[in-house]
Amino acid sequence: MKILHLTPGTGAFHCGSCLRDQDLAKGVRAAGHDFTVIPLYLPLVVDHESAETEGAPIFLGGVNLYLQQKLPLFRHTPRWLDRLLDGRSFLRKAGRRVGMTSARDLGEMTVGSLRGMEGPQRKEIGRLIDWMASQKGFEVISISNALLLGLVPELQARLPGARLVCSLQGEDTFLDSLTDPWRADSWNRLRALARGVDLFTAVSHYHGQLMQKRLDLSDSQLRVVSNGVDVEAFAPAPPDPPKVPVIGYLARLFPDKGLLTFVEAFLKFRQTELGREAQALIAGACLPADEPWVEDCRQRLRAQGCEAAVTWLPNCSFEEKVAFFHQLSVFSVPAVYGESFGLYVVEAMASGVPVVQPRHGGFVEIVERAGGGLLVEPPGDPSALAEAWEEVLGDEEGRARLAREARESAVAHFSRTRMVANFLAAVA
């Protein structure tokens, strides 16, 4: 098959969708298919293997889109100026300022994107569609998430022979964070645009059922293709546990991922006999907008005399991430919302680290499928999380069993090979 995959880049930090798309590209190519990745908005940030086609242009450049949304003059600028604003180095610098826009800007930009060729972003969308139409033979157009569905009407008109497939990867959380009227407008437009998509692939049954209801999808329009990772790249952790309990967190460093819950649970765990010498490793993307939250966490730790027990690893590399997992006794990202999947959980499991997660969202499917950890409730309760850590770490034989189950589950159910096979079967 000849597949074109459109995926948004972040420019400056890792995200689960980018990492998943990276592994999908690598695996589909290894299976013998032609898989072209086109980054949108900002350059892709990937781990140990590049998912970008060498020399691939960046379309829908984030700076151009913003200027064209806000200033009508930029909807008519010459191509040489647009090209300057789409430069990779320039866009990477812009990516470091992600999170600095207002709620109104986010709402207007989202609705503008979903309006497609009828909206203020028509010049950039038209350039993308022109390029796609000039590249002959694509059998499948794969769209990374539903926030890109504003492209669908023009894709139907200009590339009528290609099958349109869209992944569902947590769009509800972003859309529900918008303020009205943009939130309601966005959902209404998505429902209408979804009718033109041949197939949606959801990363979990939980998210698939949620989005099927909210987008009014038919059963025939939806398949579940669980995320996967390169399990061989995450070699199992050393068999001997650390001398003292080490608890890890790896996700974006802000409240929605449960960072404050994690810190409060760690403070409670340190008050127990088992946890009085415990250490914590906290890693993940840290944007300028996240820094106040990180400082608040540091102050809480400082106030309890525990600041030295926590090591912070913001914006770590792939090699640092692998080393991070190898130092852990247990792993938790107590996200306060219903996460569509949680790729970081599978990375921990592939590393042979037991996980303790809230009993909601996609975590239920991952952990209950074949073991490898515990689920706690209610979500957002630091005491329940600390008690679960104590349960796991207080039984070394049980912890070792969970570690084995975690690795086995990742290999059996959440490998890149399995994800790619399911994706190809769905889109064929």
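All values derive from a computational prediction rather than experimental measurement.

Chemist: Got a sec to walk through the sheet that holds strand β1 (residues 2-8)? Specific residues and values, please.
Modeler: In spatial order, the strands read β2-β1-β3-β4-β5-β6; together these 6 strands make up an open sheet with parallel pairing. Sheet topology places β2 (34-40) and β6 (222-224) at the edges, where each strand pairs with a single neighbour. Looking at each pair of strands side by side, their axes are set apart by 20° on average, direction ignored. Pairing between strand β4 (residues 163-168) and strand β5 (residues 199-202): 4 bridges, direction parallel. What sits directly across from serine 167, in β5, is threonine 201. Helix-sheet contacts for helix α6 (residues 122-134) involve β1, β2 and β3 (140-143), and the interaxial angle to β1 is about 165°.

Chemist: Give a description of the pattern of salt bridges that names residues and reports values.
Modeler: A full pass over the atoms with the stated rule returns 26 salt bridges. We note a salt bridge from glutamate 368 to arginine 359, for which the minimum N-O separation is 2.6 Å. Classification of glutamate 368 as partly exposed rests on a relative accessible area of 47%. According to the relative accessible area criterion, arginine 359 is partly exposed, its value standing at 34%. For the salt bridge of glutamate 405 with arginine 401, the shortest nitrogen-to-oxygen distance reads 3.4 Å.

Chemist: A description of the environment of leucine 151 should follow, citing residues and the corresponding values.
Modeler: In this fold, leucine 151 is placed in the loop between β3 and α7 (152-158). Between the C-alpha atoms of leucine 151 and arginine 122, which are 29 residues apart in sequence, the distance is 9.9 Å.

Chemist: Got a sec to walk through unusual backbone geometry? Specific residues and values, please.
Modeler: Going from aspartate 180 to proline 181, the amide bond is cis rather than trans, its omega being 10°. You can see proline 181 is positioned in the loop between α8 (171-177) and α9 (182-194). Backbone torsion omega between glutamate 377 and proline 378 reads 0°, so that peptide bond is classified as cis. With respect to the helices and strands, proline 378 occurs in the loop between β12 (373-376) and α16 (382-393). If you check the backbone angles, aspartate 216 has positive phi at about 55° while not being a glycine. When you line up the elements, aspartate 216 lands in the loop between α10 (205-215) and β6. Even without glycine at this site, asparagine 315 takes up a positive phi of about 55°. Note that asparagine 315 resides in the loop between β9 (310-314) and α13 (318-326).

Chemist: Requested: an account of the nonpolar core, with residues and values cited.
Modeler: Looking at soluble globular proteins, one finds that nonpolar side chains tend to be buried together. Phe266, Ile282, Trp312, Phe331 and Trp389 are the most contacted members of the largest nonpolar core, which totals 69 residues. Per-element accounting of this core gives the leading share, 8 residues, to helix α11 (residues 259-269). Among residues more than four places away in sequence, those in contact with isoleucine 282 are Tyr249, Leu253, Leu259, Phe262, Val263, Val310, Thr311, Trp312 and Leu313. Of all hydrophobic cores here, the second largest spans 40 residues; its members include Ile38, Ile141, Ala162 and Leu190.

Chemist: Account for empty space enclosed by the protein, with residues named and values stated.
Modeler: Scanning the entire structure with this criterion turns up 4 cavities of 30 Å³ or more. The space that makes up the second largest cavity amounts to roughly 40 Å³. Together, Tyr41, Leu60, Ser113, Gln121, Ile125, Leu148, Gly150 and Leu151 line the second largest cavity. Residue composition of the lining of the second largest cavity, by class: 5 nonpolar, 3 polar and no charged.

Chemist: Let's hear about the pairing of β9: which residues, and what values?
Modeler: As paired strands, strand β8 (residues 279-284) and β9 are joined by 5 bridges and run parallel to one another. In the strand pairing of β9, isoleucine 282 is matched with tryptophan 312. As a crossover connection, the stretch from β8 through helix α12 (residues 291-303) into β9 is right-handed.

Cut-offs and rules
- Residues numbered from 1 in each chain as written.
- Predicted model: local features only at pLDDT ≥ 70, side-chain atom pairs only at ≥ 80, totals over all residues.
- Heavy atoms only, no water.
- Pairing = 2+ DSSP bridges.
- Helix = DSSP H or I, 4+ residues; strand = E, 2+ residues; numbered from the N terminus.
- Axes fitted to C-alpha atoms, helices over the stretch in contact; angles between N-to-C directions.
- Contact = heavy atoms within 4.5 Å.
- Salt bridge = Lys/Arg side-chain N within 4 Å of Asp/Glu carboxyl O.
- Buried < 20%, exposed > 50% of the residue type's maximum accessible area, 1.4 Å probe, protein only.
- Core = buried A, V, L, I, M, F, W, Y, C linked by side-chain atoms within 4.5 Å.
- 1 Å grid on protein atoms, 1.4 Å probe; cavity = no way out; pocket = protein on both sides within 12 Å on 5 of 7 lines; lining within 4 Å.
- Points joined across faces, edges and corners; volume = space filled by probe spheres on them.
- Nonpolar A, V, L, I, M, F, W, Y, C, P; charged D, E, K, R; others polar.
- Right-handed = clockwise from strand over helix to strand, strands pointing away.

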